Amino acid sequence: MGKKIKIGWGRRSIAMAGSVPITGQFYLRISQGIYTDVLISALVIENGDDAVIFASADMVSVQPEMLLAAQEILKNEVPDLPVDKIIVNATHTHAGPSSNKISDYPRRVEFTGNDEMIAYLSRQLADAVKTAWLNRAAGSVAYGYGFATTGHSRRTIYLDDIGVRLGGSPGLAINGHGKMYGNTNDDMFDCYEAGTDPFINLLYTFDEKDNITGAVINVPCPSQTNENAWVLHASFWHNVREKLAAKYGENFGVIAQAAAAGDLSPRQLHYRQAEKRRYMLKYPELIEKYKASPMARPNGVKIPPDSPAFEYEWMELMRAEDIANRIVTAFDEVLAYASKEKMSAPELKHEVRTVKLARRMFPEVMVEEERRNLEAFMKENFSDASDPYEELHANSVLNSRRTRSAGVIKRAAIQEQEPAITTVIHAVQIGNIAFASNRFELYMDFMHRIQARSPFEQTFIVQLVSDAYGTGSYLATERANANKGYSATPYCNQVSPAGGQELVNFTLETLNMMKEG
Amino acid sequence: MKKLKSTVSTWAVAVSVLLLAGCVCSNNRCIDSTPDADPARRVLIGWAKRSIGKEGPVPIHGQFYLRVSQGVYAPVIVQALAVSNREDAVIFVSADMVSVTNIVLQKTIANLKKEAPEIPAEKIILNSTHTHAGPSVRVVPDDYPRQIKVTPAAEMQDFIARQITDAVKEAWEKRAPGSIAYGYGFATTGHSRRTVYLDDTGKRLGNSPGQAVNGRARMYGNTNDDMFEGYEAGTDAFINLLYTFDMRGKVTGAIINVPCPAQNNEHTWVMHGGFWNNVREKLYAKYGKNFGVIAQSAAAGDLAPRQMHYKQAEMRRYMLKYPELIRKFKENPFLEPGGKTSSNEAEISETMFGEDTANRIVAAFDEVLSWSKKDRMAYPVIKHEVRTVQLSRRFLPEELVAQEKKLHKTFMNQKYVENGDPWEQLRHNSVLRSRRSRVSGAISRFENQQKTPKLTTDIHVARIGGVAFASNRFELFLDYMHRIQARSPFIQTFIVQLVTDVYGVGSYLATERGVANKGYSATPYCNLVSPAGGQELVNETVRTLYSIAIDKANPAEVTVPATKGVPAEKEWEKAVVLENFSPATAMAEKLKSPTRVRLLQDKRNLYFRVDCSVPDAQKAVFGMDANAPKRDGRCWEVDSVEFFFADGTNMYQFILAADDCLMDIKHKSKEFINWNCKDIKWSTVRGKDCWSGYICIPMSELDLDVNKLRFNIYRTANFSSGGQTVVERSCYLPVYGKPFASIGYFGSMKFAR
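Since the structure is predicted, the reported quantities are computational estimates derived from the model, not experimental observations. (Residues numbered from 1 in each chain as written. Chains lettered and ligands numbered in written order. Predicted model: local features only at pLDDT ≥ 70, side-chain atom pairs only at ≥ 80, totals over all residues. Heavy atoms only, no water.)

S.K.: Help me out: how do you make sense of the interface of chain B and chain A in this one?
M.R.: By convention, interface size is frequently given as the accessible area that disappears when the constituent parts associate. Listed by partner, the interface residues are 70 residues for chain B and 63 residues for chain A. Surface buried jointly by chain B and chain A totals about 6100 Å² across both partners, of which 52% is contributed by carbon and sulfur atoms. Taken together, chain B and chain A are joined by ten salt bridges. Salt-bridge contacts for Asp226(B) lead to Arg453(A); the nearest nitrogen and oxygen are separated by 3.2 Å. Our count for the contact surface shared by chain B and chain A stands at 28 residue pairs in polar contact (both at pLDDT 80 or more). With seven residues, helix α6 (residues 311-321) of chain B is the single largest residue contributor to the side of chain B that touches chain A. Partitioned by chemical class, the residues of the side of chain B that touches chain A number 22 nonpolar, 25 polar and 23 charged. (Contact = heavy atoms within 4.5 Å. Buried area = accessible area lost by both parts, 1.4 Å probe. Salt bridge = Lys/Arg side-chain N within 4 Å of Asp/Glu carboxyl O. Polar contact = N/O pair within 3.5 Å; in protein donor to acceptor, adjacent residues only side chain to side chain. Helix = DSSP H or I, 4+ residues; strand = E, 2+ residues; numbered from the N terminus. Nonpolar A, V, L, I, M, F, W, Y, C, P; charged D, E, K, R; others polar.)

S.K.: It is not clear to me how the environment of Met319(B) should be interpreted in this structure. Could you clarify?
M.R.: Looking at where Met319(B) falls in the secondary structure, it is placed in helix α6. Here the alpha-carbon distance between Met319(B) and Ile348(B), two residues 29 residues apart in the chain, equals 9.5 Å.

S.K.: I tried to follow empty space enclosed by the protein on my own but got confused; where do I start?
M.R.: The probe, sized like a water molecule, is rolled over the atoms to show the empty space still left. A full pass over the atoms with the stated rule returns six cavities of 30 Å³ or more. Within this model, the largest cavity holds a volume of roughly 150 Å³. Lining the largest cavity are 15 residues, and of these His152(A), Tyr192(A), Thr196(A), Thr235(B) and Phe238(B) lie nearest its centre. Per-class residue counts for the lining of the largest cavity are five nonpolar, nine polar and one charged. Put simply, the second largest cavity is a space of about 120 Å³. Residue classes in the lining of the second largest cavity are distributed as six nonpolar, eight polar and one charged. (1 Å grid on protein atoms, 1.4 Å probe; cavity = no way out; pocket = protein on both sides within 12 Å on 5 of 7 lines; lining within 4 Å. Points joined across faces, edges and corners; volume = space filled by probe spheres on them.)

S.K.: So what exactly am I meant to see when it comes to the side chain of Glu227(A) here?
M.R.: Residues and elements named next belong to chain A. Here Glu227 is to be found in the loop between β13 (212-219) and α4 (236-248). Residue class for Glu227 comes out buried when judged on its relative accessible area of 10%. Engagement of the side chain of Glu227 in a polar contact is seen with the side chain of Arg267, the distance being 3.3 Å. When sequence neighbours within four positions are dropped, the list of residues in contact with Glu227 reads Gln25, Arg29, His94, Tyr181, Arg267, Tyr312 and Glu316. (Buried < 20%, exposed > 50% of the residue type's maximum accessible area, 1.4 Å probe, protein only.)

S.K.: What am I meant to see in the sheet that holds strand β11 (residues 217-219) of chain B here?
M.R.: Adjacent strands of a sheet form backbone hydrogen bonds with each other and so pair up, either parallel or antiparallel. All names here are of chain B. Reading across from one edge, β11-β10-β12 is the order of the three strands in this open sheet, with antiparallel pairing throughout. Every other strand in the sheet has two partners, leaving β11 and β12 (228-231) as the edge strands with one partner each. Shown here is a sheet whose adjacent strand axes are inclined to one another by a mean of 30°, direction ignored. Pairing between strand β10 (residues 194-197) and β11: three bridges, direction antiparallel. Among the inter-strand pairings, Arg194 is bridged to a residue of β11, identified as Met219. (Pairing = 2+ DSSP bridges. Axes fitted to C-alpha atoms, helices over the stretch in contact; angles between N-to-C directions.)

S.K.: Quick question: what am I supposed to make of the nonpolar core here?
M.R.: Side chains that are nonpolar tend, in soluble globular proteins, to be buried together. Residues and elements named next belong to chain B. Of all hydrophobic cores here, the largest spans 57 residues; its most connected members are Leu426, Phe474, Leu476, Ile495, Leu509, Val529 and Leu537. For this core, the secondary structure elements donating two or more residues are β19 (382-392), α9 (398-413), α10 (422-448), β20 (454-464), β21 (467-471), α11 (478-487), β24 (508-509) and α13 (531-549). Ranked by the residues each element gives to this core, the list is headed by α13, at seven residues. Apart from residues no more than four positions distant in its own chain, Leu426 is found in contact with Leu66, Val68, Tyr144, Arg146, Ile148 and Trp269. (Core = buried A, V, L, I, M, F, W, Y, C linked by side-chain atoms within 4.5 Å.)

S.K.: Explain the packing of helix α6 (residues 284-292) of chain A against helix α7 (residues 308-338) of chain A to me, please; I cannot follow it from the model alone.
M.R.: Packed helix pairs are specified by the crossing angle of their axes together with the interaxial distance, meaning the distance between the axes. Residue and element names in this part refer to chain A. In contact at an axis separation of 10 Å, α6 and α7 are set at 130° when each is read in the N-to-C sense. Between α6 and α7, the angle falls in the class oblique. As α6 packs across α7, the resulting crossing turns out to be right-handed. Within the contact between the two elements, α6 uses Leu286, Ile287, Tyr290 and Lys291 and α7 uses Phe310, Glu313, Trp314, Leu317, Met318 and Glu321. Here the residues of the contact of α6 with α7 sort into seven nonpolar, no polar and three charged. (Parallel < 35°, antiparallel > 145°, perpendicular 65-115°, else oblique. Left-handed = near helix turned anticlockwise from the far one by under 90°.)

S.K.: What exactly am I supposed to notice about the sheet that holds strand β9 (residues 155-158) of chain A here?
M.R.: All names here are of chain A. One open sheet holds the three strands; their spatial order is β10-β9-β11, and the pairing between them is antiparallel. Because the sheet does not close on itself, it has two edges, and the strands there are β10 (178-180) and β11 (189-192). Mean inter-strand twist for the sheet, computed between neighbouring axes without regard to direction, equals 30°. Sheet topology note: the β9/β11 ladder contains three bridges and is antiparallel. Bridging from a neighbouring strand, Thr156 pairs with Tyr192 of β11.

So, to be careful, I would describe these as geometric facts and stop short of saying anything about function.
Below, the structure written as structure tokens:
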């Protein structure tokens, strides 16, 4: 038993008005409005000796600058708040306000600058955390796990080398036996690389009167439905929050965490027609509602409501609704049994460790190829399309390709001197469960390695947690590197599979230390 | 190379004449579609079941040691469902057994031929649920000493065959008009049981002679291991459901298909049906005791009803969630030999897993029923093909067999226990017997593999409306199911494993990665068929699925009649008519948007006339946006017809849409070339619920060898049905789900002189 805990919740909207940049694709989007609210939620659990401050942000990633700026604000305004104990994760919606720096390339579309975005987003993060900290009061927690299908494998494997058969995508991906989002209706389709994981981990919070006040919901799925939208939205987490708010009130807190899901996404890669039929029969009203009020696009362009592009949009929206329904069903099911065992004084420990992970090293032959790729990209001229949005699309894609190739060359140049990258991991114990963070789009296998060897009953893996050193990048497994494909190519991986195993071992070492006291 | 040569000169005049001469959409309908309610296709449905919970010393198989029943803990049954119309039939039978040997099927067929010859016994799809606590029909060898009596195999086989026969007869007799509905949902049932390591565990941890050869993988390996890497293929949470209804719309039963064998509590000495008992109990409570449940395991050779990590969390979950059930189980534990009972922690956990899994299955059952019943079908197409196929065996290498021969000698030198405690004797001797026979089986297969490199087996492929069932006799690894489902032309494809055929039953069918990783279920002992044979099973299944998906493929060779100049209305009567298109993507119940294309040619031009209908034109997407270009706009996004011509070197594509829109494309080496066909003419007119059009293509503009001319025609219909948008893609010659430009599926085109 530990000391009595105090629990506090806070949140802020980050649905910034104006021409907010939206990143997550190779092309840059500029917000055409707010389709659903996008939030930063914060939860503080502390007992006087230690604390954990969870924050989840409806963003594709939270850049280190944003975290550091928020910590600075909090140091000034709430000096007793342990800013190093903030675990801020991006839900990985591809339609949140961006904290990424946007390179300078020819464009006429104007958008909010990075300094202003960082200032705004760090302020919102700081305020959410501050509110949670100031609101903390005696309460209890309960935990459990259940099952909810959220993510599906997005890495399709073929019996032949499709890099040879179908070619690669210079500057984007090198395909082999694996391909991201590959066509499964292919005579040589072999399998999904690592399958999927239907587990959902839940930690509930209660006030002193045993009223439920919120939950940490952890599922192995990035919230990237409607990932091409030009409007701000939070994907399936919005649907989850709406459903829980309807049941438990507007102030109900939700920390939305993606567990390891680098190789998963919220979309099926087979049974697509069955899926469409399912939604058409199950959600006819919602589909009609969307048709009446579709997501806005640049230049006020409206796509025909019966076109395939429009169908793609409503299918993705129904995926979000369907996933949310399963999450909420599991939420209720687990709550029913977990709430029998509320804990007001669980052991609370929080370790923050800086670790070094082996880089993915590039062989010279590959770097040579990238030099050629980069040369070709540098020779390509930026577009001078008459339509500013067309220009933005073309030039941001070209810039992405240049940057990705240049990134490989740059990493290759320093790989001998700096064979490891520096990152921070958080490990938290709350009673018999633990949280373990990483900054990557972590492949699922790494999660299973940690969970299977963890000394705790349940271990919530939290991916895309920012640290002061960086953010993001896929961390692929041994088998994925062998299979290649987007997310397991040199462009995409800063850390090698061996580095991934180091992450596993560092995490377990920390969890074991905490457990042993 | 003979080139096509022509010029166009009189198109405008001719089209004007045609449009004046007669509306292409006479009576404002282009093509009449056949009514759905074909009386021959009215579905008849019958359900029946029989208990197979036999009294006495019933043998229970499923482990290396033999068990003998200490009683019936929960009902074990065979359940039958007959679905038929005047054209075809499917008879599903599921049995709470580890496997149903071919002798039982043969006896059942013989019974039926004698007692009810009108029943198409070859249409029985008999699957075992793979409970490891059902009555066994396998022969128990009597060449080892044992004091425990066991009901003889012949008696067991006769009993089970009788129960199946009676269930099938009753289901067939009870058939009555009804309807079906289908859908899919999500329910976590099976978990991967193949754990993979970063090192070779065969070297580190050793093997199990006569049982398994371990490598990077182990079955049920310890995941709390520093070298644990991942689960080989993960899992699959899909649940496929087909519901049956009576004439009043009341649900009468369901086929429930989940990728999980019912082998929780797989070591018991009492009979039970695994988690299917819990599922049935819950559904009986809701829908009555006569509710029918066909319990099918989808491909799950590498899956099992148990988690391989989070074991402590799992136990806590059950203790908090099911305290009453755990108490009840402890009060009524499993009986064991010698009057002992057992309710240890593993058994509690497995029993609660059964309950937990059943809760998820029933929740998904309710969820899918709530929406799928909106689309009940009384006239589904029923087709059932039974094909005998040959699959490549897994060959055993010489060096492995040399090792097996040594091993066999070792086992033969080990002595049976002659007396002592009868149960201990049974256990010891039956394990030794299993090891001897597994090793000798491998040697015998090796000796025969050159002579009989293929294994003969039957597959059933059945279609009921928009869904299909595809059976196999194996414990099939999950990846094979995904390969079939992803390539199937049907909306849903239920894979049914462990279906008995007259040649045999069972054996794991491992994948390429399974064989590479080794471990139990992917060792030479366990696999009759190789991964290449597995892919042959996939390809044969997909081919058969397409053969039943397409009612009748059109002729692949077309001869285009000759005309003189631009055809007048009357001349179209002698045109070759291309209609009865096939679905191009996943199976629609029936195409709702008929297409008819007529072709003529003179020496210079190819003349096309198209008639395209939709069920309700009010919301159909005829024609593009008013501002869209008439040439080279995005025609494929609206209701359109696409013509492909190729000769193996070049390919041309023409897309015609209403309101005089045309796109023409030249393909070369997978590239699109910016190309406009010179002197091409086209026009379209709209009718009610339809549109029609003409194209005149000057052949001289196509760089094609007329002697190698290949073609296909596609239709993209875009309309509203039941308040929803439907995009229906069809093709003259089936492309089996492949892209339209797949030249391998093109037909040949010749010109009449």
